[in-house]
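# Working through the structure, step by step
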4 protein chains.
Amino acid sequence: MTPPKNPKPRPKVTPASFLDSLPFDRRLWRQDIAGSVAWARMLARQGIVSDKEAELIVMGLAAIREELDYGPFNLTGEDIHMAIEARLAQKIGEVAGKLHTGRSRNDQVALDLRLYVKETIGEAQGAIKGLQEALLGLAERHQSTALPGYTHLQRAQPVLLAHHLLAYFEMLERDRERFADGLKRADVLPLGSGALAGVPYPIDRDFLARELGFSQISTNSMDAVSDRDFVVEFLAASAMAMAHLSRLAEDIILWSSTEFGFVELGADYATGSSIMPQKRNPDAAELVRGKAGRVFGHLVGLLATLKGLPLTYNKDLQEDKEALFDAADTLLACLEISAGLVATLKVKEEAMARATQGGYLLATELADYLVGKGVPFRQAHGIVARLVAYAQGQGKELGELSLEEYRRFSPHFGEDARQISVASALAARRSVGGTAPERVAAALAAARRRLEGSG
Amino acid sequence: MTPPKNPKPRPKVTPASFLDSLPFDRRLWRQDIAGSVAWARMLARQGIVSDKEAELIVMGLAAIREELDYGPFNLTGEDIHMAIEARLAQKIGEVAGKLHTGRSRNDQVALDLRLYVKETIGEAQGAIKGLQEALLGLAERHQSTALPGYTHLQRAQPVLLAHHLLAYFEMLERDRERFADGLKRADVLPLGSGALAGVPYPIDRDFLARELGFSQISTNSMDAVSDRDFVVEFLAASAMAMAHLSRLAEDIILWSSTEFGFVELGADYATGSSIMPQKRNPDAAELVRGKAGRVFGHLVGLLATLKGLPLTYNKDLQEDKEALFDAADTLLACLEISAGLVATLKVKEEAMARATQGGYLLATELADYLVGKGVPFRQAHGIVARLVAYAQGQGKELGELSLEEYRRFSPHFGEDARQISVASALAARRSVGGTAPERVAAALAAARRRLEGSG
Amino acid sequence: MTPPKNPKPRPKVTPASFLDSLPFDRRLWRQDIAGSVAWARMLARQGIVSDKEAELIVMGLAAIREELDYGPFNLTGEDIHMAIEARLAQKIGEVAGKLHTGRSRNDQVALDLRLYVKETIGEAQGAIKGLQEALLGLAERHQSTALPGYTHLQRAQPVLLAHHLLAYFEMLERDRERFADGLKRADVLPLGSGALAGVPYPIDRDFLARELGFSQISTNSMDAVSDRDFVVEFLAASAMAMAHLSRLAEDIILWSSTEFGFVELGADYATGSSIMPQKRNPDAAELVRGKAGRVFGHLVGLLATLKGLPLTYNKDLQEDKEALFDAADTLLACLEISAGLVATLKVKEEAMARATQGGYLLATELADYLVGKGVPFRQAHGIVARLVAYAQGQGKELGELSLEEYRRFSPHFGEDARQISVASALAARRSVGGTAPERVAAALAAARRRLEGSG
Amino acid sequence: MTPPKNPKPRPKVTPASFLDSLPFDRRLWRQDIAGSVAWARMLARQGIVSDKEAELIVMGLAAIREELDYGPFNLTGEDIHMAIEARLAQKIGEVAGKLHTGRSRNDQVALDLRLYVKETIGEAQGAIKGLQEALLGLAERHQSTALPGYTHLQRAQPVLLAHHLLAYFEMLERDRERFADGLKRADVLPLGSGALAGVPYPIDRDFLARELGFSQISTNSMDAVSDRDFVVEFLAASAMAMAHLSRLAEDIILWSSTEFGFVELGADYATGSSIMPQKRNPDAAELVRGKAGRVFGHLVGLLATLKGLPLTYNKDLQEDKEALFDAADTLLACLEISAGLVATLKVKEEAMARATQGGYLLATELADYLVGKGVPFRQAHGIVARLVAYAQGQGKELGELSLEEYRRFSPHFGEDARQISVASALAARRSVGGTAPERVAAALAAARRRLEGSG
């Protein structure tokens, strides 16, 4: 039997299938049911439907929730809202048709999406803390390990590994704050805005807000149904966080190269090659780095989609969901994976220590030494630059030069200049935020408190 | 039974699941098998494996193809390459292990992706032609229908509807060319590049190219395994095409508003409202417009992913696939839907004609009339601007002014100035590319030829 | 004399000119001097330089500030930091070389940029308020003007113009909050972080923070010199605001078309055509809409630049400035122009009123009427949909049908159904956030309070 | 005298200044004059203006060109078109007003921009060749230098440096082709399309095309005035090229780190530090890498700007220019700088050679050896993986193991397995596109021919 040339062609798109959002908005079923339950209760409280009708609707919705909790997703319809209402009608008959009284899909979908974003922000903050915990744990385990600090990927000055890791802790702390700020603007109930103009029934939006856990209600119905700022803001915070993760990934990739040799990846995070038996590839870190681009794309894609839309709701807004879902999944996965990567990293302290010995890492120290002797900084900088050039020409590190050689460049050099070491350089950087061991110890303690305090 | 609070949590990500690409690269199973069949045949031809071994491998692969053609997708593995090889081993045993001789996943995935892009370019070109056909058909059915041409969304000069539609035909023609140009660079066989450095077996890459339908073979193995230009180029061509579709969608949305009232959407392309019974929303057009943002996002996302990657293959490159697949699906669906939208558009010729009567659409005509009488264009423009302002003040269209009123602004106006009409204005624009009926008729004929010739 | 073929070629790029940032970072001269003054004072307070030296440095810097305040920009150097230090050396000699003691360009540029962002956020918030004021003013002047509210650019339900305008007020309110949130993270002093590792002098960073008006100091030196989150966050807030402005621009462009005819642009905001004398183009609104893309581009461009950078400072970060400056200029200009556009908009109330009479704008009202008679909403919706279809078939608006015709579709229709009017529909939408006149009046008052309170 | 608090505020934006494009479109003065000269000649040829008038106009334009060629730019006006026409009127009086006969700024600006893009494509292709030349030159000077080839930044297999450099040569070759393809679509004359509908004068567009060096003329006037595809396509080709340059920059940055130590930057391309005297930072390479983001941003920004614009010309299109100019400047500068970087790179051959000895670079070789002995590839791969793990455990490289140790893992190993060397591994990769010295020599020769042939 010859296989047909193209037995599984790209499925024919129809106008209906093109508009169909159920394949992706089905993820919102739980939010949609929660919103409908609150709406039905409110309708009854306000006498818009009878208590009995509301009870029937709420029971029907609870039954659907249970079906979906424990069974496969078997609803059909053009979107999750219609699919659930249709299932409700199968269960409780015509009274299902009363649920949509005073409500529009425009405010309904805005509600569902806000509930989703609120929950996801919580998850993101938890996952960020997970990575912070991993970084902090690694830092605490290596409080006295030094390595070269880099600028321009050139060895610059020695730093403590814990100090380096805490830089990422700080970035993530800002990410958490940024999500918290976005939450304020997501935490606004849109339900009760109708299609665009408000609702002609005596609804109680404060009750809805309480039921659904919103701290505010929207104040303009036209804005409420066309606002997707909270999605863009979630994407922007995610993009920023992904940029941070990509930087961490880059450091890990560099450190695990043969050339740097500073770390070894945990067994689960190093991958073999299909052809090169010796390879231990940092695939997970590379993928985190690569996925940053994807989230950046979702952000700018949604901004482009929103550009130039007239008020109020336009179907273009349906494009918000897939970008949001994918960005959320990507961010959460990358945070978890990064936490695992960091937690299982094996630090090769000796290799780091060895690296601090090369690359003229203490040159700045020497310039500061001369400043201490009264030489203006710019002059001191010039003197040491010439000294370093001389040492390079001799193929020596600074510590290998004799005092006499030092003094050829400045009479201010004394024997103590040759005592400058990685340890003394580290200890000297005692300014707030600096890498001196005492500072870093305090920073570790503060980070630990922040992490525990932020519950 | 109380439903559990969160019975279907976001699945726990593991290092393995994070790297797993089978959930999306399974789409490449057909390409992967085709590549392996060609590879096995080549290995035998070159004596690297025996004919018998190759036969066994090819038969096994054919059997897998048949399974997948007619059955569910039931392979497992970390990616499509390993999944198929594992299935092959189940079928034919240890000899399956010889298939990967001299091959790496790096050149294998590059091959699969190039095969996919080549096929998809063909589909895209076909779908573009489908939309061109719809535009041309509509234009041919309305050869003498005029409507206002707009600049700045202000009525500017009368044009033929066919002329307006042919503007989109031209954009799409460029899109087809752009895909054709991209095809040249996709149509290069990477297989035989090994992991990065080439292959130490006496392989025959020209044979592979012939078998797999490539017109060229790559000339540098390091480039071949790290090159994703052809994906970026596909995304760029798709983004450009989506920008065109978004403009067409915008015109259709405007035209189907009550205010313009130029067209009525086909029944399948107009959607009702869940709350407003009178609505006939151009949802499909809006969604096409909105989806442009998504494809722009994929383009820039992949560029960001590629940025700054050292040679050669890095795992970041795995991020190419989902963007590509989604962009391709989006583009193809939007082209088809746009074709349907256009083909079923009901043109309201009277409304268009009525609109050409207002908005001082013939003012440029009058300026050109004065130029014909020897007035320098800049002066003529000024005279007519004052005339229009006067008419607006009077609440009249130009045709409603008396000759005397005309002459208050210039003695050059004669009775024939008042004979200027939409028809005469159209007829006058006889320059190549202009909207004169004879030009448009010729353009329609040329478009028809191009469409048929490009088979 | 024959003109040379290419007398003004693109200037030859040299390695030095390529790196040169003075052409754009000169904008930071004021911030740079302020930072240096504070630094010099701190050095003296801490005994790192003598009081006399510091006095000389501060006087020199003051003199440079005065030169730049009143004269042309005549500094030279590879960047603004070196240019000012070089000028200082010309003025005060060798002691200028002491200013850089303990400081690096890495923390210096971070400081300058944070000062710039903080100031610009203030300007942006002021400009946002300016536009809010214009919107609110227009709304207050048209408290009882109704127009069709649109979804999908189809007439949906009548709304008050003031309600429509307040939707934009709300968007802008969120924009202001977003900038305020970003300010918290910009308002952190990086100075005193040294090149990356902290400073080996007994500096006082709290003093610096007080002098320079920062409420916090950075807690990790490596993060401090490589953090550009505050720039990305400014760009993200700007992009969001530009998306809002592009939507407002779109509404204005639509409204000023002949087809809508809802507004007339102020004379300064309508532009003529070089060829069509009758045109009054909404160029300024179009340009605002178009400029949204530019700011989106800057945002994603900077994210891409940051992606995958290892710690700490890398020269790539220099790319932050031009994007930031251009985005800030663009945003501020667009806010001001939008304010002018809105403030000078002439509303054509009659045209708006006329439009509310067509398009079956009251259909939802009728469905709600039936709900009031006990018909479940879904049924009521179906009945009215059929009624509207019938009316369209008859070429009539709903108000033109007889009661008998109404009753063909439902016996629940009574004479009062025919009393439904735009006014009654507006009045009915009394839910919080709805368009009922009393609600809108309250919303206007609240907006006025917010605007005045936020001074 | 106390300096005023803010003596140089951000200049007040006015509606006129906001629309003003002269500050940036002045770059198009040469193109604008060329277009006007051709237009005037054509008008005379066709008898639309007299020969005398045309002569006067052409002389006037020539005089303006000379002024601008040799003097400062002193024109004023809202855009370059009006500025030149105004200057012309000063020079030749009222007859200047005849120049715009039959022309619109819409087709005029499209012309200017196409001329600019065509020229810039030529410059870009030249600059690409310059970088290809630098790469090829370096490769030719190091034909037998080997270094580790990397995947996942892990040492994978040895390659020739020349092979590595030629990978970039290939990328750039595609870039040149891509620009050439874009040129076809830029090389279309739009002039003669009028404002949007064509021209009512007997113009000769073929003559214009010949005069201005276009190979085609546009066939639809509405498309011609609203088409900016050629700009997007230029930006897309530039973005792709920048992605390539960012990868090359990354390699150079890595190679010039202490850890890799493979190259030393030319003196002009290594920068010192303001605080660390020993630093030699690869600033230029970092800046090239960083600037990729900027060009990506311009691309997506313009796409967003174009999204959803109705036909035909809209003022939003004015946003095309600054993005284009900046992308062109950036690309050209980055190409030149990269060429300089590469040309002056000092290769440290010994360091590269040393690196090929470590990292188990020959493991794949060993697996292929076993395949040669009849072991299926998958098994061979497994055997060598275990051998490598053993060697790592022993702290030895493969060459340091005894034959006996080899045979513990497979009896197929013979003494010749221990003869495998970097040289033999390189020599073995003889497949087309592989890194075998003979292949690379042929590839160098072919590259040289291509470079010279493409004149």
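Here the structure is a predicted model, which means the values were calculated and not measured. (Residues numbered from 1 in each chain as written. Chains lettered and ligands numbered in written order. Predicted model: local features only at pLDDT ≥ 70, side-chain atom pairs only at ≥ 80, totals over all residues. Heavy atoms only, no water.)

## Quick notes on the overall build of chain A
Looking only at helices and strands, chain A features 18 helices and six strands. In terms of its C-alpha atoms, chain A occupies a principal-axis envelope of roughly 100 × 65 × 40 Å. Classification of the 455 residues of chain A by burial places 69% in the buried group. Residue pairs in contact within chain A that sit at least 24 positions apart in sequence constitute 76% of those at least 6 positions apart. Surface exposure of chain A reaches about 14,300 Å², of which carbon and sulfur atoms provide 52%. Distance between charge centres in chain A, computed from 54 positive and 58 negative side chains, equals 3 Å. (Helix = DSSP H or I, 4+ residues; strand = E, 2+ residues; numbered from the N terminus. Buried < 20%, exposed > 50% of the residue type's maximum accessible area, 1.4 Å probe, protein only. Contact = heavy atoms within 4.5 Å. Areas by Shrake-Rupley, 256 points an atom, 1.4 Å probe, with all protein chains shown as cover. Lys, Arg positive; Asp, Glu negative; His and termini not counted. Charge placed at Lys NZ, Arg CZ, Asp CG, Glu CD.)

## A look at the interface of chain C and chain D
Many analyses report the size of an interface as the accessible area lost when the parts associate. On the side of chain D, 70 residues touch chain C, which itself brings 70 residues to the contact. With both sides pooled, the region where chain C packs onto chain D buries about 5,700 Å², and carbon together with sulfur makes up 57% of that total. In terms of surface lost to chain D, no three residues of chain C exceed C:Arg10, C:Phe18 and C:Leu287, which account for 14% of the buried area on that side. Between C:Lys291 and D:Glu319 there is a salt bridge; the shortest N-O distance is 2.8 Å. (Buried area = accessible area lost by both parts, 1.4 Å probe. Salt bridge = Lys/Arg side-chain N within 4 Å of Asp/Glu carboxyl O.)

## Looking at the environment of A:Asp206
Residue and element names in this part refer to chain A. Along the polypeptide, Asp206 turns up in helix H8 (residues 205-212). Given the relative accessible area of 44%, Asp206 is considered partly exposed. When the C-alpha atoms of Asp206 and Val109 are compared, they prove to be 19 Å apart, with 97 residues separating the residues in sequence.

## Side note on the relation of the copies chain C and chain A
Between chain C and chain A, which share one sequence, the superposing operator has a rotation angle of 180° and an axial displacement of 0.0 Å; the RMSD is 0.0 Å. Here the transformation between the copies is reduced to the relation of a two-fold axis. The share of interface residues of chain C whose copies in chain A are also at the interface is 100%, consistent with both copies meeting through the same surface. (Least-squares fit on C-alpha atoms with pLDDT ≥ 70 in both.)

## Remarks on the relation of the copies chain C and chain D
In this arrangement, two copies of a chain are superimposed by a rotation about an axis accompanied by a shift along the axis. By a simple turn and slide, chain C fits onto chain D: the slide is 0.0 Å along the axis, the RMSD is 0.1 Å, and the turn is 180°. In this assembly, 100% of the residues forming the interface of chain C have copies in chain D that are likewise at the interface, indicating an isologous arrangement.

## Overview of the packing of helix H3 (residues 29-45) of chain C against helix H6 (residues 105-141) of chain C
All names here are of chain C. The interhelical angle for the contact between H3 and H6, taken along N-to-C directions, is 120°, at an axis separation of 9 Å. The angle between the axes of H3 and H6 places the two elements in the oblique class. Once H3 is placed against H6, the crossing between them reads as right-handed. In this structure, H3 contributes Gln31, Asp32, Gly35 and Ser36 to the contact, and H6 contributes Gln108, Leu111, Asp112, Leu115, Tyr116 and Glu119. In terms of residue class, the contact of H3 with H6 is made up of three nonpolar, four polar and three charged. (Axes fitted to C-alpha atoms, helices over the stretch in contact; angles between N-to-C directions. Parallel < 35°, antiparallel > 145°, perpendicular 65-115°, else oblique. Left-handed = near helix turned anticlockwise from the far one by under 90°. Nonpolar A, V, L, I, M, F, W, Y, C, P; charged D, E, K, R; others polar.)

## Looking at the domain arrangement of chain A
All names here are of chain A. Domain boundaries assigned for chain A yield domain 1 (18-101), domain 2 (106-354) and domain 3 (357-453). Each of domain 1 and domain 2 was reduced to a C-alpha centroid, and the two centroids are 32 Å apart. Across the contact, 22 residues belong to domain 1 and 25 residues belong to domain 2. Here domain 1 and domain 2 share three salt bridges between them. Residues Arg45 and Asp204 are paired through a salt bridge, measuring 3.7 Å at the closest nitrogen-oxygen approach. Elements represented by at least two residues in the side of domain 1 that touches domain 2 include exactly helix H2 (22-25) and helix H3 (29-45). A total of ten residues in the side of domain 1 that touches domain 2 trace back to one element, the largest contributor, which is H3. Of the residues belonging to the side of domain 1 that touches domain 2, the class tally is eight nonpolar, eight polar and six charged. (Domains from an automatic or database assignment.)

## A word on the pairing of strand E1 (residues 146-151) of chain B
Residues and elements named next belong to chain B. Counting buried residues along E1, six of its six residues qualify, which places the element largely inside the surrounding structure. Judged from the six bridges that link them, E1 and strand E2 (residues 154-160) form a sheet pairing that is antiparallel. Within E2, the residue paired with Tyr150 across the bridge is Arg155. Here E1 folds back onto E2, and the loop between the two strands holds two residues, one of which, His152, carries a positive phi near 55°. (Pairing = 2+ DSSP bridges.)

## Let's talk about the interface of chain C and chain A
Across the contact, 95 residues belong to chain C and 95 residues belong to chain A. Carbon and sulfur atoms make up 57% of the area that chain C and chain A hide from each other, which totals about 8,000 Å². It is C:Arg247, C:Leu311 and C:Arg378 that lose the most area in chain C upon contact with chain A, and together they represent 9% of the buried surface on that side. Connecting chain C to chain A are 18 salt bridges.

## Looking at helix H11 (residues 283-306) of chain B
With 24 residues, H11(B) extends 35 Å from end C-alpha to end C-alpha; this agrees with the ideal 34 Å at 1.5 Å per step. Just downstream of H11(B), B:Gly308 is the residue with a positive phi angle, here 75°. (Expected span 1.5 Å × (residues − 1).)

## What to know about the side chain of A:Ser21
Residues and elements named next belong to chain A. Here Ser21 lies in the loop between helix H1 (15-19) and H2. Reaching out from Ser21, the side chain makes a polar contact with the side chain of Asp25 at a distance of 2.5 Å. Sequence-distant contacts of Ser21, defined by excluding residues within four places in its chain, comprise Arg26, Glu78, Asp79 and Gln318. (Polar contact = N/O pair within 3.5 Å; in protein donor to acceptor, adjacent residues only side chain to side chain.)

## A few points about unusual backbone geometry
With the exception of glycine, the majority of residues adopt a negative phi angle, and the majority of peptide bonds are in the trans configuration. The residue after B:Leu311, namely B:Thr312, is reached through a cis peptide bond having omega -5°. Among the secondary structure elements, B:Thr312 is positioned in the loop between H11 and helix H12 (320-343). Its identity as a non-glycine residue notwithstanding, D:His152 has a phi of 55°, on the positive side. Positionally, D:His152 belongs in the loop between strand E1 (146-151) and strand E2 (154-160).

## A word on the packing of aromatic side chains
Scanning the entire structure with this criterion turns up 32 aromatic pairs over all chains. Here B:Phe260 and B:Phe262 contribute two aromatic rings whose centre-to-centre distance is 5.6 Å and whose plane-to-plane angle is 85°, an arrangement assigned as edge-to-face. Take B:Phe260 and B:Phe262: they sit in the same class, and that class is buried. Joined through ring pairs, the aromatic side chains of A:Tyr150, A:Trp255, A:Phe260 and A:Phe262 make up one cluster. Across the ring face of A:Phe325, the terminal group of A:Arg27 is positioned such that the distance to the ring centre comes to 4.8 Å. (Phe/Tyr/Trp six-rings, centres within 6.5 Å; stacked < 30°, edge-to-face > 60°. Lys NZ or Arg CZ within 6 Å of the ring centre and 35° of its normal.)

## As for helix H5 (residues 80-92) of chain B
All names here are of chain B. Here H5 is 13 residues long and its end C-alpha atoms lie 18 Å apart, about the 18 Å a rise of 1.5 Å per residue gives. Those residues of H5 that sit buried are Ile80, His81, Ala83, Ile84, Glu85, Arg87, Leu88 and Ile92. For H5, the side-chain oxygen to backbone nitrogen distance between the N-cap and His81 is 3.1 Å, and the N-cap itself is Asp79. Immediately downstream of H5, the backbone of Gly93 shows phi near 80°, a positive value.

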